[in-house]
Amino acid sequence: MYPSSEDFAQLLQQVRAFVVDECIPLEQQVDQDDEIPESLVQRMRALGLFGHSIPQVYGGAGLSTEQLARVNIEVSQAATTFRARFGGNTGIASESLVADGTEAQKRRWLPRLASGEITGCFALTEPEAGSDATALQTVAVRDGDHYEITGRKCFITNAPIAGLFTVFARSEPGTVGAKGVSAFLVERGTPGLHTPAAYRKMGQHGSPVGEVVLERCRVHASAIVGDLPGQGFRTAMKALNKQRINLAGLCTGPAIRLVDEMVRFAATRQQFGEPIAAFQLVQQMIAESNTEVHAARALVLETARKRDAGEDVTMEASMCKLYASEMCGRVADRAVQLFGGSGYIANNVAERFYRDVRLFRLYEGTSQIHLVNIARRTMARAQPAGQA
Ligand SMILES: Cc1cc2nc3c(=O)[nH]c(=O)nc-3n(C[C@H](O)[C@H](O)[C@H](O)COP(=O)(O)OP(=O)(O)OC[C@H]3O[C@@H](n4cnc5c(N)ncnc54)[C@H](O)[C@@H]3O)c2cc1C
């Protein structure tokens, strides 16, 4: 059961007010301090932001893919670090459980993720296994009713603050590639699990990203998601496929914000005796950006609706992620250009967003990996000449 359109309209209104009144005023401070104030995190919990995608029966809002996309487009109109604080719980860090978890696992973890009592993270990437995640080297060795997990995960969003880690490890000896990998639910405090300090990074300050180190980390066999040993990679792909639509929404919000900022600046900045908005080459930057925003938004919402209708949108989700992340990068680049020298100076909105959105083209599948996927699927769908 998804929320009714009236209830959803109210929720969206609440989110919009939170973004405008409480997040945007703190953007500069969070960028400088590299930390989101705990009082704001409490507000996120109170507003239910941690549980938007989690089914209502487990304490979430149970939004449809389309509703979640609309929320993502709103929340990402403030610096994307705010959304990163709760976005794992209502995305990649809960989706494996929602898709494949046993009833007992769902009852144990989803209410705590939905309320924001704990923060989740999705630990797939390793130093030698990035785009080729199937090359992971983390192993889970069976010992009676338990497994001992050993390995090192890198670049994991929210690892330094997470209470629950979905860790992907090879549990079936003698397997290679996507086969033989299991998804384990590991709680902070489990002996053998360590999280070093967060990295310093180019942007998205306030969103801690770090390593997860596992040294014979001992978990019970019931910690395998869905009680499905060796099926973890399928679970990961289910989570990532939905997440690509979420992320495309999150790329669209910043571009909307930047178009607004460009229009405002162009109307007030005077050169050659008139506002720069009067110059057609400046207008071109605004027009191209706004057109691309509309194209991304339409693609994301159409794909979300198809997913809600039960269609396989694996290729379309890749297209959404590729197009929206590249679009957002182009819009941020134009925003810096339109702001002129001030767009290059620290704390200018275009400068901050330019750094923040650079990540979108890198994680959850780089643009190159999505291009490869889209090409492969497009060619597979096409019928050989003469067979039409
Ligand atoms: C801030 C941040 C947060 C992240 N959060 C998470 C997280 O929460 N959980 C998680 O598991 N991971 C996370 N990641 C990891 C992210 O998903 C990987 O960085 C990404 O998959 C790319 O892997 P890589 O960095 O090893 O690059 P590589 O795979 O080494 O790629 C390097 C370059 O080679 C290109 N390339 C690689 N293979 C091909 C190919 N077949 N064809 C064409 N080009 C190719 C890539 O496109 C890229 O340009 C995060 C990363 C960052 C930076």
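No experiment lies behind these values; they were computed from the predicted model shown.

Basis of the calculations
Numbers given for residues are sequential positions, taken from 1 along each chain in its written order. Given that this is a predicted model, residues contribute local features only at a pLDDT of at least 70 and side-chain atom pairs are listed and counted only at 80 or more, while totals for whole chains, interfaces and linings are drawn from all residues. Hydrogens and water are ignored here; the side-chain numbers use all heavy atoms of the structure. By convention here, the domain bounds are inherited from an automatic or database domain assignment. We call two residues contacting when some pair of their heavy atoms lies within 4.5 Å. Accessible area, probed at 1.4 Å, shrinks when two parts are joined; the buried area is that loss added up over both. Salt-bridge detection follows one rule: a side-chain nitrogen of Lys or Arg within 4 Å of a carboxyl oxygen of Asp or Glu. For the purposes of these results, a polar contact is taken to be a pair of N or O atoms within 3.5 Å, where, inside protein, one atom must be able to donate a hydrogen and its partner to accept one; residues adjacent in sequence count only when each atom of the pair is a side-chain atom. Only DSSP runs of H or I reaching four residues or more are called helices, and only runs of E reaching two or more are called strands; each is numbered from the N terminus. Pairing between strands requires that DSSP locate at least two bridges from one strand to the other. Relative accessibility decides the category of a residue: with a 1.4 Å probe and only protein chains considered, values under 20% of the type maximum give buried, values over 50% give exposed, and everything between is partly exposed. Counted as positive: Lys and Arg. Counted as negative: Asp and Glu, with His and the chain ends omitted from the count. By definition, disulfides here are pairs of cysteine sulfur atoms that lie within 2.5 Å.

**Notes on the domain arrangement of the chain**
What the domain assignment lists for the chain is domain 1 (5-115), domain 2 (120-229) and domain 3 (234-381). Each of domain 1 and domain 3 has a C-alpha centre, and the two are 21 Å apart. With 28 residues of domain 1 at the interface, the matching set in domain 3 holds 29 residues. In total, about 2,600 Å² of surface goes out of reach between domain 1 and domain 3, with carbon and sulfur atoms giving 55% of it. When the buried area of domain 1 at its contact with domain 3 is split by residue, Thr65, Ile73 and Ile92 rank highest and sum to 23% of it. The tally of links from domain 1 across to domain 3 stands at six salt bridges. As a salt-bridge pair, glutamate 66 and arginine 305 come within 3.0 Å of each other at their nearest N and O atoms. In this structure, the connection of domain 1 to domain 3 is made through 14 residue pairs in polar contact (both at pLDDT 80 or more). At the level of elements, α2 (27-33), α4 (65-75), α5 (80-87) and α6 (92-100) are the ones that each hand at least two residues to the side of domain 1 that touches domain 3.

**Some words on the pairing of strand β7 (residues 209-220)**
Bridge count for strand β3 (residues 146-157) against β7 is nine bridges, and the pairing is antiparallel. Of the residues in β7, the one forming a bridge with glutamate 148 is arginine 218. Examined bridge by bridge, strand β6 (residues 193-194) and β7 share two bridges and lie antiparallel to one another. Note on β7: the bridge partner recorded for leucine 193 is leucine 214.

**Considering the side chain of arginine 170**
In this fold, arginine 170 is placed in strand β4 (residues 164-170). Nearest to the buried, unbridged arginine 170 among oppositely charged side chains is aspartate 132, at 8.1 Å. Within the local environment of arginine 170, its side chain forms a polar contact with the backbone oxygen of lysine 179, the two atoms lying 2.6 Å apart. Once you skip the residues sitting within four places of it in the chain, arginine 170 turns out to touch Thr134, Leu136, Thr138, Val139, Ala140, Thr175, Val176, Gly177, Lys179, Gly180 and Val181.

**A closer look at the environment of phenylalanine 184**
Relative to the elements of secondary structure, phenylalanine 184 occurs in strand β5 (residues 181-187). Along the chain, phenylalanine 184 and alanine 123 lie 61 residues apart, while their C-alpha atoms are 9.7 Å from each other. For phenylalanine 184, the contacting residues outside a window of four places in its chain are Ala140, Tyr147, Ile149, Phe165, Thr166, Val167, Ala169, Ser171, Val219, Ala223 and Ile224.

**A look at the state of the cysteines**
What the rule picks out here adds up to zero disulfides. Free of any disulfide, cysteine 23 has its nearest neighbouring cysteine sulfur in cysteine 328, separated by 17 Å. What makes cysteine 23 buried here is its relative accessible area of 2%. With no disulfide of its own, cysteine 251 lies 5.5 Å from the sulfur of cysteine 328, the closest cysteine sulfur.

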